[in-house]
Each structure stands twice: as C-alpha cells, then as structure tokens.
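Chain by chain, the residues run as shown.
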Amino acid sequence: CALLGSTLRNLGGEAVTIDGGHNHTIQSCDLHELANGAIRVAGGDRATLTASGHRVDNNHIHHFSQWLRTGQYGVRIDGVGHVIAHNLIHDAPFEAMYLRGNDHIVEYNEVHRVCLETGDAGLHGVTAVYLDDFSSGFTVHGNIFYRAGRGVQIGGGRHNTVTNNLFIQNHPSIHLDARGLGWASYYFNGVYPWLFERFAERGGDQPPYSERYPRLQTLLADQPAVPKGNVITSNLSWGG
C-alpha cells in the first residue's frame, strides 16, 4: 500500500498508522497540526529478523503533539527493517523520532526545533541522537549536528559506532557513559533483570540472533555491564 502526496492536518489522533504487512510506503506527504503523533510504523518479524520493507520518505512533518505534549513523535518505528529517509521534521514539544527493533535505516533527514517543552529528552536536556539505556549496535555516520544540545549520547551500550560526523556548538558533542557500573547497576545485579529476561525471550545467543549479531553468543559471559566496543573516530567538533 502507498500513501502519496497527501495532506493530513487538524487530526485528533495519529495521522498515519502502519501495523504489520510488507513494503508499505508513506511518501511526499504533509502532516501537521496534529493532536498526537504523525506516523507510526510497525512491521517485520523480530523472532526471525525478517524485514518489513516499509518506507517513510520525503515527508514534511511539523506542529504535531499539540494536545498530548509528550510521548508523541513525528515518526515512531518498531519492528525490523524500516527505511526513514529524506523527511523534514520540526516544531514539536517532544521528540522527532523514536525507534525500537532491528536493522532500521534512518538517513538524510532534517530535524530542527523539537523538544521545545520537555526536559527528559536526554538527561534532562536535549540530545540529537539519544542511544538510551544500553542501546547497542547503532551506527551514527555522516551527520551534521548544529546547536543540537548534546550531539550523540551513548548510554552505557556496546558496539556503537560514531564516525565522520560534524559537530558545531554542541554541549557536548559526544557523551559516553558506563551507567551499568554506576547508578543503573540494578539492571545487572539482579534487582531488575529486565535486560536478561528480554535476552532469554528472544533467544539472543541462538539463531537467527547469534548469526546476525555474532557478539551476542558471548555477551553474558563478557561483563555485560561494561560498555565495550564503542568506536568514536573521524569526527570534527567545533565550539561548544
């Protein structure tokens, strides 16, 4: 299914919801003056790591989350294998994009004037790319971060790569922490075993996960609270 070249405005809920299916496209649409979020996309199969093929491309999304001021997004994605590209997202009280799942591509988007009214969009401030609580395996490559608060935040996760980005007047350009060894150690000391429960639920050390992401085979025996394997290289930072 394809939704092309349409205007969706003055709506009381989410403008567009895709839930399941394969190869759906939202392209070249204008979405604005929305009570809640603009686009929510779910699809693919996380059990088998089968991609959905959904695309959100070349849309203009602005002035959303006008009624519910938090927890609503320009684009919210969950599942496996979506492509979010060439979108312009701006003017909202909370975040531009929120993603969960596997193997998504987010590229060539422009975002500005978001998180205008909210505090916890990155440690009680604003972060352009916020890899929250142990998010791992992300590549952040070839972006421009201009006066974006914190540019990139790696929140205790592993094997994230931050390369060839331009940071201008951010505070700081890149934040990396080891929260699993400090204030968030309860994720690993048995108090709150949520991460381990999800790992077992997905069979993280078994195919297809162990084949797609080979490091998962040894993760549990390799000091999982320690943020190993992050690579930050070939970035340019100025000011801030």
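Novice: Before we move on, can you summarise the overall build of the protein chain with the specific residues and values?
Specialist: In terms of regular secondary structure, the protein chain is built from two helices and 24 strands. Relative to the 2.2 N^0.38 estimate, which gives 18 Å for 240 residues, the radius of gyration of the protein chain is 18 Å and therefore close to what a compact globule would have. Taking the principal axes of the C-alpha coordinates as reference, the protein chain spans close to 50 × 45 × 35 Å. Taking all 240 residues of the protein chain together, 39% fall into the buried category. Taking contacts inside the protein chain between residues at least 6 apart in sequence as the whole, the part at least 24 apart equals 52%. A total accessible area of about 12,300 Å² is found for the protein chain, and carbon and sulfur atoms account for 51% of it. Charge separation in the protein chain, taken as the distance between the mean sites of 17 positive and 22 negative side-chain charges, equals 2 Å.

Novice: Talk me through unusual backbone geometry; I want residue IDs and the actual numbers.
Specialist: Of note, the bond from H171 into P172 is cis; its omega dihedral lies within 30 degrees of zero at -10°. Within the secondary structure, P172 is located in the loop between strand 21 (166–168) and strand 22 (174–177). The phi dihedral of L49 is positive, around 60°, even though this residue is not glycine. Within the secondary structure, L49 sits in the loop between strand 6 (39–43) and strand 7 (55–57).

Novice: An account of the sheet that holds strand 17 (residues 139–141) is needed here, citing residue identities and associated values.
Specialist: Adjacent strands of a sheet form backbone hydrogen bonds with each other and so pair up, either parallel or antiparallel. With respect to topology, three strands assemble into an open sheet ordered 17-20-23, the strand pairing being parallel. Each end of this open sheet is capped by a strand with a single partner; those strands are strand 17 and strand 23 (231–233). The average angle at which neighbouring strand axes cross in this sheet is 5°, direction not considered. As paired elements, strand 17 and strand 20 (residues 161–163) share three bridges and run parallel to each other. Note on strand 20: the bridge partner recorded for V140 is V162.

Novice: Which residues make up the packing of aromatic side chains, and what values go with them?
Specialist: Inspection of the entire model under this criterion finds ten aromatic pairs. Judged by centre distance (4.9 Å) and plane angle (25°), the ring pair of Y186 and Y187 falls under stacked. Taking relative accessible area as the criterion, Y186 reaches 29% and is therefore assigned partly exposed. For the pair F188 and F196, a centre-to-centre distance of 6.0 Å together with 90° between the ring planes defines the contact as edge-to-face. Residue F188 is classed as partly exposed on the basis of its relative accessible area, which comes to 21%. Here F196 falls in the partly exposed class, since its relative accessible area comes to 30%. What links up through ring pairs into an aromatic cluster is the set F134, Y186, Y187, F188, Y192 and F196.

Novice: Tell me about the pairing of strand 6, and please be specific about residues and values.
Specialist: Of all five residues in strand 6, four are buried; the element is thus mostly enclosed. Examined bridge by bridge, strand 3 (residues 16–19) and strand 6 share four bridges and lie parallel to one another. Among the inter-strand pairings, T17 is bridged to a residue of strand 6, identified as R40. In this sheet, strand 9 (residues 75–79) lies alongside strand 6 in parallel orientation, the contact comprising five bridges. Residue pairing for strand 9: V41 is matched across the bridge by I77.

Rules used in this analysis
- Residues numbered from 1 in each chain as written.
- Predicted model: local features only at pLDDT ≥ 70, side-chain atom pairs only at ≥ 80, totals over all residues.
- Heavy atoms only, no water.
- Helix = DSSP H or I, 4+ residues; strand = E, 2+ residues; numbered from the N terminus.
- Rg over C-alpha atoms; globule rule 2.2 N^0.38 Å.
- Buried < 20%, exposed > 50% of the residue type's maximum accessible area, 1.4 Å probe, protein only.
- Contact = heavy atoms within 4.5 Å.
- Areas by Shrake-Rupley, 256 points an atom, 1.4 Å probe, with all protein chains shown as cover.
- Lys, Arg positive; Asp, Glu negative; His and termini not counted.
- Charge placed at Lys NZ, Arg CZ, Asp CG, Glu CD.
- Pairing = 2+ DSSP bridges.
- Axes fitted to C-alpha atoms, helices over the stretch in contact; angles between N-to-C directions.
- Phe/Tyr/Trp six-rings, centres within 6.5 Å; stacked < 30°, edge-to-face > 60°.

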